[in-house]
Structures are given as C-alpha cells and as structure tokens.
Amino acid sequence: MGDKKAFLCLLGYLFGVGIVIASFVFCVDPFYHYHDVWFGLPVVLENAVYQTAGAASHLQYDSAIVGTSMTENLRTSWFDDELGWNTMKLSYSGARTDDLRAILEQIYSRDVPPAHIVLDLNDYQLTVPSWTAYVERPEYLYDGNILTDAPYLYNYDIIMLAMDRIVDGVSGRESNIDNAYVWGNDKSFGSDIALKDASSTREQLLKTDPEPVDWEGMLQCCDENLNNILPYIELHPETQFFIYYPPYSMLYWEQKVLQGSLWEILEIYRHSIGCLLQYENVNVYYFQYEPEIISNLDNYLDVAHHRPEYNRYIFECIRDGRNLVTEENLQLYIDSMYEYAKNYDYDTLWKDFTP
C-alpha cells in the first residue's frame with residue numbers, strides 16, 4: 001500500500017511539473033504558436049522555420065513579406081514608414097512553393113486578411129517539385145492540432161528560449177521585427193567570392209554535353225508550383241500581391257547557357273508571369289534584366305544572392321511602380337534577357353579568376 005501511495009504521489013508530482021512547464025511555455029510562447037505576445041515582452045524573430053507559422057497566425061500586421069532568403073534583407077520599416085503599412089516578415093531561406101502555401105494558409109486563417117503581400121519567385125520554386133524540402137517544416141506548428149504540440153510544450157530548447165524572452169522583457173530589449181532574419185550585413189560579397197562559388201559547377205558543365213531538356217515536364221512542374229500560390233490570389237482579391245523575380249548574376253545565366261536550358265528557363269519565367277498577370281490584384285516586377293547589376297559580380301556572394309542595397313532598390317521600384325511587368329512589355333523583358341544572356345562574353349568574368 002505504501003509503495004502504491006508513493007507511486008501515485010510521484011505521478012501527481014510529475015503531472016504537476018508537466019502542467020507548470022506547459023503553462024510556462026504556453027504563456028511566454030516564444031514561437032507565437034498560441035497567441036500574440038503577452039506581458040509586454042518584445043517580439044523576437046530569430047528562427048524563421050519554426051516561428052513563421054505562429055507569427056503569421058497571431059502577431060499584429062496588415063501586410064506581409066513572404067518568400068525566401070532573397071527577401072530576408074528587406075526591411076519592414078521601409079514599407080511602414082514610406083507606404084504606411086504595418087508589415088511582418090514571414091520568409092525563410094529555401095522556401096519551396098509548398099512552404100509558401102503553408103505560410104499563406106496561416107496568414108488567411110486570421111479574421112482580417114492582409115492588405116498587401118510582397119513575395120519573390122525564384123528558379124527552383126518553379127522548376128523543382130514543391131515537396132522537395134530545403135529545410136524540413138515542423139508540421140506540428142502548422143496543423144492546428146493541440147494534440148501534436150508535445151514537441152513544443154516539452155522541449156528543453158523551447159523552455160530555454162521562453163526564459164530568454166523573460167530576460168529580454170526585464171532588460172528592456174526592443175522587438176526586432178524590422179531587421180528579422182537580415183543576413184546581408186554579416187556576409188562578404190565580391191567577384192572572387194562569387195566566382196569561387198560557381199567555379200566547380202562551371203568546370204563540370206564544361207566537361208559534359210548538355211542533357212536534353214524535358215520541356216513538357218518542366219512546364220508541368222511550373223504549373224504544379226503555381227497552383228500552390230494562385231488559389232490564394234484568386235480567393236483574396238482584397239489583398240494586393242507584389243511579386244518579383246530577383247536579379248541573378250551572369251554566373252547563373254552562364255550555367256543556363258552551358259546546360260542548354262536558357263530558352264526553357266526564360267519561357268518558364270514568361271509563362272509564370274503571364275499566369276500571374278491574369279489577376280487584377282497582382283503586380284509583377286522583373287529584375288532579372290538589370291545589366292548594370294547582374295554583370296558586376298562584386299554585387300554577389302554566389303550566383304544569385306545580391307547585396308542588401310539591391311533589396312532597397314527593389315523596394316523603391318515597388319514603391320514607385322518601376323520595373324512593372326504588363327502583358328504588353330512581358331515578351332520584351334524576356335526577349336531582351338534572352339539576347340543579353342545568349343550573347344554575353346562570359347570569359348570576361350573569369351579572365352582574372354585564380355582557383
């Protein structure tokens with residue numbers, strides 16, 4: 001009898017400890033999984049893959065930046081101060097269109113839909129199956145089922161983060177919404193860096209003959225990816241979408257030439273933009289044909305990622321309506337990029353490179 005009583009007491013104690021831990025994580029909620037911030041704590045966004053779902057569902061905003069690492073150097077204050085928005089960044093590196101779909105689902109789970117969404121579209125998001133994840137999305141943070149929340153409520157790292165948020169509140173730390181996930185200031189950019197990043201791929205491509213491009217499969221993959229986004233655009237005409245195609249360096253375009261897929265990838269861009277332009281609540285901006293930017297490798301750290309000042313340039317174009325694609329100028333943008341990339345002297349990029 002004594003052993004049974006001791007066992008029941010132990011169970012009661014463990015149950016009580018479990019309730020206390022779960023209540024602590026629930027109240028502080030460092031991933032904003034259940035609610036907006038309480039107790040005057042700051043909003044601290046530092047783990048995009050795990051925090052985006054909760055931020056999209058529960059934090060206060062009327063506009064959102066959604067996308068990949070290409071959007072992470074956008075500052076929410078630009079949109080807030082110069083356009084009068086109240087912006088939240090809901091981006092994470094390597095997001096596929098299935099990730100974008102999951103984020104948009106959380107955004108539109110709110111009572112009031114956003115007025116504006118800024119979103120980037122990239123090569124891999126259109127040509128790679130959306131289920132191929134760059135980072136594994138924690139589904140228990142997206143499924144809306146409290147029964148699957150044990151990995152959140154009883155996780156040592158989460159408990160430590162919750163304690164950090166308490167310390168942040170006591171120390172007076174400010175919210176970091178404006179510079180959340182910004183990485184550009186911590187990276188080195190330059191021609192040598194970008195060339196080194198691309199050199200092994202180029203060497204391999206120069207040694208092999210281009211493989212035939214499965215155009216029909218490529219187009220089908222593009223449509224499947226677009227179908228992760230277009231339904232939200234169609235169902236929510238009250239939201240204005242600002243969708244842009246980032247400026248990749250000429251090293252990216254050289255790879256397409258060597259792969260024998262230059263025409264096909266540009267046709268994918270043309271096709272996807274054409275689909276987007278069917279909606280009145282979509283503005284499309286094309287930054288790929290920017291010779292002064294994309295031919296200067298000092299602007300890059302690899303074949304695609306550019307200096308943060310060009311995020312500012314992209315914002316200014318969105319603000320001012322520049323680089324706006326229409327049904328009338330779409331083909332001109334694509335044809336101009338094709339001619340520029342096809343006829344570019346790529347050897348000039350490599351003449352001073354030392355492996």
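Bear in mind that the values here come from a model prediction, so they are computed numbers and not experimental data.

Rules used throughout
- Residues numbered from 1 in each chain as written.
- Predicted model: local features only at pLDDT ≥ 70, side-chain atom pairs only at ≥ 80, totals over all residues.
- Heavy atoms only, no water.
- Salt bridge = Lys/Arg side-chain N within 4 Å of Asp/Glu carboxyl O.
- Helix = DSSP H or I, 4+ residues; strand = E, 2+ residues; numbered from the N terminus.
- Buried < 20%, exposed > 50% of the residue type's maximum accessible area, 1.4 Å probe, protein only.
- Core = buried A, V, L, I, M, F, W, Y, C linked by side-chain atoms within 4.5 Å.
- Contact = heavy atoms within 4.5 Å.
- Polar contact = N/O pair within 3.5 Å; in protein donor to acceptor, adjacent residues only side chain to side chain.
- Pairing = 2+ DSSP bridges.
- Axes fitted to C-alpha atoms, helices over the stretch in contact; angles between N-to-C directions.
- Parallel < 35°, antiparallel > 145°, perpendicular 65-115°, else oblique.
- Nonpolar A, V, L, I, M, F, W, Y, C, P; charged D, E, K, R; others polar.
- Right-handed = clockwise from strand over helix to strand, strands pointing away.

Asker: How should the pattern of salt bridges be read in this particular structure?
Answerer: A side chain of one charge can pair with a side chain of the opposite charge when the charged atoms of the two come close. Evaluated as defined, the whole model comprises 17 salt bridges. Linking R312 and E82 is a salt bridge whose minimum nitrogen-to-oxygen distance equals 2.9 Å. In this pair, R312 sits in helix α14 (residues 309-320) while E82 sits in helix α3 (residues 76-83), placing the two residues 230 residues apart along the sequence. Exposure remark for R312: the relative accessible area of 22% places this residue in the partly exposed category. Classification of E82 by relative accessible area gives partly exposed; the value is 35%. The salt bridge partner of D99 is R137, with a shortest N-O separation of 2.8 Å. With D99 in helix α4 (residues 97-107) and R137 in the loop between α5 (123-127) and α6 (150-153), this residue pair connects regions lying 38 residues apart in the sequence. Side by side, D99 and R137 carry an identical accessibility label, which is buried. One network of salt bridges, with partners in common, ties together E82, R312, E316, R319, D320 and R322.

Asker: Got a minute to help me understand α4 in this structure?
Answerer: Side chains of residues three or four places apart in an α-helix project in the same direction, reflecting 3.6 residues per turn. Burial of α4 is extensive: nine of the 11 residues sit out of reach of the surface. Three or more residues of α4 are buried, namely T97, D98, D99, L100, A102, I103, L104, Q106 and I107.

Asker: So what exactly am I meant to see when it comes to the nonpolar core here?
Answerer: Side chains that are nonpolar tend, in soluble globular proteins, to be buried together. By size, the foremost hydrophobic cluster in this structure holds 90 residues, and its most contacted members are L90, I107, W253 and Y269. The biggest single contributor to this core is helix α12 (residues 262-276), with seven residues. With residues near it in sequence (within four places) discarded, I107 still touches A56, Y61, A64, V66, L90, P114 and I117. Membership of the second largest hydrophobic core comes to 14 residues, among which are L74, F79, F315 and C317.

Asker: For this particular structure, what's the right way to read the side chain of N228?
Answerer: Relative to the helices and strands, N228 resides in the loop between α9 (215-226) and α10 (230-235). Here S130 takes part through its side chain, which lies 3.3 Å from a polar atom of the side chain of N228. Setting aside residues up to four positions removed in sequence, N228 forms contacts with T97, D98, R101 and S130.

Asker: Looking at this structure, how should I read the side chain of Q106?
Answerer: Turning to its location among the elements, Q106 is positioned in helix α4. Classification of Q106 as buried rests on a relative accessible area of 12%. A polar atom in the side chain of Q106 sits 3.1 Å from the backbone oxygen of Y142. Apart from the residues lying within four places of it in its own chain, the contact partners of Q106 are A53, A56, S57 and Y142.

Asker: Is there a simple way to explain the sheet that holds strand β1 (residues 63-67) in this structure?
Answerer: Within a beta sheet, neighbouring strands are joined by backbone hydrogen bonds and run either parallel or antiparallel to one another. The strand order β2-β1-β3-β4-β5-β6 describes an open sheet built from six strands, whose pairing is mixed. Lying at the two open borders of the sheet, with one neighbouring strand each, are β2 (87-91) and β6 (324-325).

Asker: I keep staring at the packing of helix α8 (residues 191-207) against helix α11 (residues 250-259) and nothing clicks. Help me out?
Answerer: When two helices pack together, you describe them by how their axes are tilted relative to each other and by the distance separating the axes. Orientation of α8 relative to α11, taken along the N-to-C sense of each, is 5°, at an axis distance of 10 Å. Of the possible angle classes, the one that applies to α8 and α11 is roughly parallel. Along the contact surface, α8 presents A194, L195, A198, T201, R202, L205 and L206, while α11 presents L251, E254, Q255, L258 and Q259. Taken together, the residues that form the contact of α8 with α11 break down as seven nonpolar, three polar and two charged.

Asker: Just checking my understanding: could you explain unusual backbone geometry for this structure?
Answerer: Most peptide bonds take the trans configuration, and most residues that are not glycine carry a negative phi. Here the phi dihedral of Y32 falls at roughly 55°; this positive angle occurs in a residue that is not glycine. Note on placement: Y32 falls in the loop between α1 (2-28) and α2 (48-58). Here N323, not a glycine, exhibits a phi torsion of approximately 60°, which is positive. Tracing the sequence through the fold places N323 in the loop between α14 and β6. Overall, the relative accessible area of 16% leaves N323 in the buried class.

Asker: Would you take a moment to explain the packing of α11 against helix α15 (residues 330-343) for this structure?
Answerer: Their axes nearest at 9 Å, the elements α11 and α15 cross at an angle of 80°. By the angle between their directions, the pair α11 and α15 is classed as roughly perpendicular. Residues M250, W253 and V257 of α11 lie in contact with α15, whose contacting residues are M337, Y340 and A341.

Asker: In this structure, what is going on with the pairing of β2? I would like to understand it.
Answerer: Regular strands have side chains that alternate between both faces of the sheet. For β2, a buried count of five out of five residues is recorded, marking the element as mostly surrounded by other parts of the structure. Here β2 shows a buried face lined by T87, K89 and S91 and a second buried face lined by M88 and L90. Note that β1 and β2 share five bridges and pair parallel. Bridged to G67 within β2 is S91. With respect to chirality, the unit in which β1 leads through α3 into the neighbouring parallel β2 is right-handed.

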